[in-house]
Amino acid sequence: MNTFFLEFRDPLFSVIIFFALIFVITFLSYWWGRYRRREDYRHLDKFLKQFRSAPTKDELKGLVFKGGLPQKSWLLLASSYSKNGDYEKSIEIYNELLNLPDYKNQKETMFLLGKTYFKAGFLERSKKIFLEILRKNPRTPQALENLLLVYEYMKDYKSALEVLDPLDELLQDISCDSLYLKSLALLNNTEITKDEKTQQLIKIYKESHQLSYMIFEYLFRENPKLAWENFDSSKSEKMIDLLWHVKKEDLDLEVIKQNSYLRDLYSARGDVELSIKSEIFEFDVLINLKEKANATLSFEYICDKCKQVAPFPFYRCTSCHSIDSVGVEYALAKDYHRDFSEENNSFQ
């Protein structure tokens, strides 16, 4: 009978105990893990229930002060609200975080708050935030750059130009910003005549060869003859939409004849017959149609730096804030303006 029992000194007994312990530890670890996951899901679900409907300002204040969620998570939540266009909730979260006692990320949160005020259109509040950051931390180029944007949108070009001085001291490249702001100030100056503006803009372009779209848009609108006299044919593709919309009576045939791109462009539009075909597909189609169909070119605008697409031209990208980065994309489209004109004529 004793042969069926193992003594505790028997090596086989030790092996059995070893595997039994492994089994018990594995079993407990498995069920403990399941329990912890279930508790985590329950906690997460409880937290998300609070945001299925946006919390009120008082509720938000209570949630922040309770400290049930790490401060980094609140910052991520505020950023998410901002990206979805709910700037009000984003601003409330940043303000409540800044009201916390002994809050460590004051500078970073104030910077995010200033940017959110800017996106929401509260330019005066945004300006105050960035000025406060600079009062405590004068050598903060990011705050200076955003303050410059605020002044630009407020059309306070004098103050914007003053911001360039500390940026220059911080070894930031300000040449393009300086040129751009001076040109904007010139365009918005009501104390000088249009002729003076055009002459000064031409001088700026000849000295820098920058801001071609901004300068020639104004020139073609106010003085097409002067625009053609100073036209830079190397920028033709960049300004195709401006050239396409120049009135027929304002065209300079001598300039057009000297440039193959312009010959193709205005032959495609039907103003001249200087090209019978073109290497550019859209131009070639329009040249061959010869007004047999109501076709034209449609345009959209893309930033050469961040590739953000916009339906309207811009001087400074609204996404990455690059200057003179507008690129023009074009495609064939139906000429609805011509259809409308024909319909009007049919009723006369």
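**Q** How should helix α11 (residues 212-222) be read in this particular structure?
**A** Given 3.6 residues to a turn, an α-helix orients residues that are three or four positions apart in the same direction. Of all eleven residues in α11, nine are buried, a share of seventy percent or more. Among the residues making up α11, those that are buried are Ser212, Tyr213, Met214, Ile215, Phe216, Glu217, Tyr218, Leu219 and Phe220. For α11, the secondary structure elements touched by its buried residues are α9 (175-187), α10 (194-208), α12 (224-229), α13 (240-244), β1 (295-303) and β3 (326-334).

**Q** It is not clear to me how the packing of aromatic side chains should be interpreted in this structure. Could you clarify?
**A** Each aromatic ring pair is described using two quantities: the centre-to-centre distance and the angle formed by the ring planes. In total, this model carries 16 aromatic pairs according to the counting rule given. Measuring from centroid to centroid gives 6.0 Å for Phe111 and Phe130, while their planes differ by 65°, and the two rings are edge-to-face. With a gap of 19 residues between them, Phe111 in helix α5 (residues 106-120) and Phe130 in helix α6 (residues 123-136) connect regions that are remote in the sequence. A relative accessible area of 0% means that Phe130 is categorised as buried. Taking 6.0 Å as the distance between ring centres and 15° as the angle between the ring planes, the aromatic pair formed by Phe283 and Tyr330 counts as stacked. With Phe283 in helix α16 (residues 281-289) and Tyr330 in strand β3, this residue pair connects regions lying 47 residues apart in the sequence. What makes Phe283 buried here is its relative accessible area of 0%. Grouping aromatic residues by their ring pairs yields a cluster made of Tyr205, Phe216, Phe220, Trp228, Phe231 and Tyr266.

Basis of the calculations
- Residues numbered from 1 in each chain as written.
- Predicted model: local features only at pLDDT ≥ 70, side-chain atom pairs only at ≥ 80, totals over all residues.
- Heavy atoms only, no water.
- Buried < 20%, exposed > 50% of the residue type's maximum accessible area, 1.4 Å probe, protein only.
- Helix = DSSP H or I, 4+ residues; strand = E, 2+ residues; numbered from the N terminus.
- Contact = heavy atoms within 4.5 Å.
- Phe/Tyr/Trp six-rings, centres within 6.5 Å; stacked < 30°, edge-to-face > 60°.

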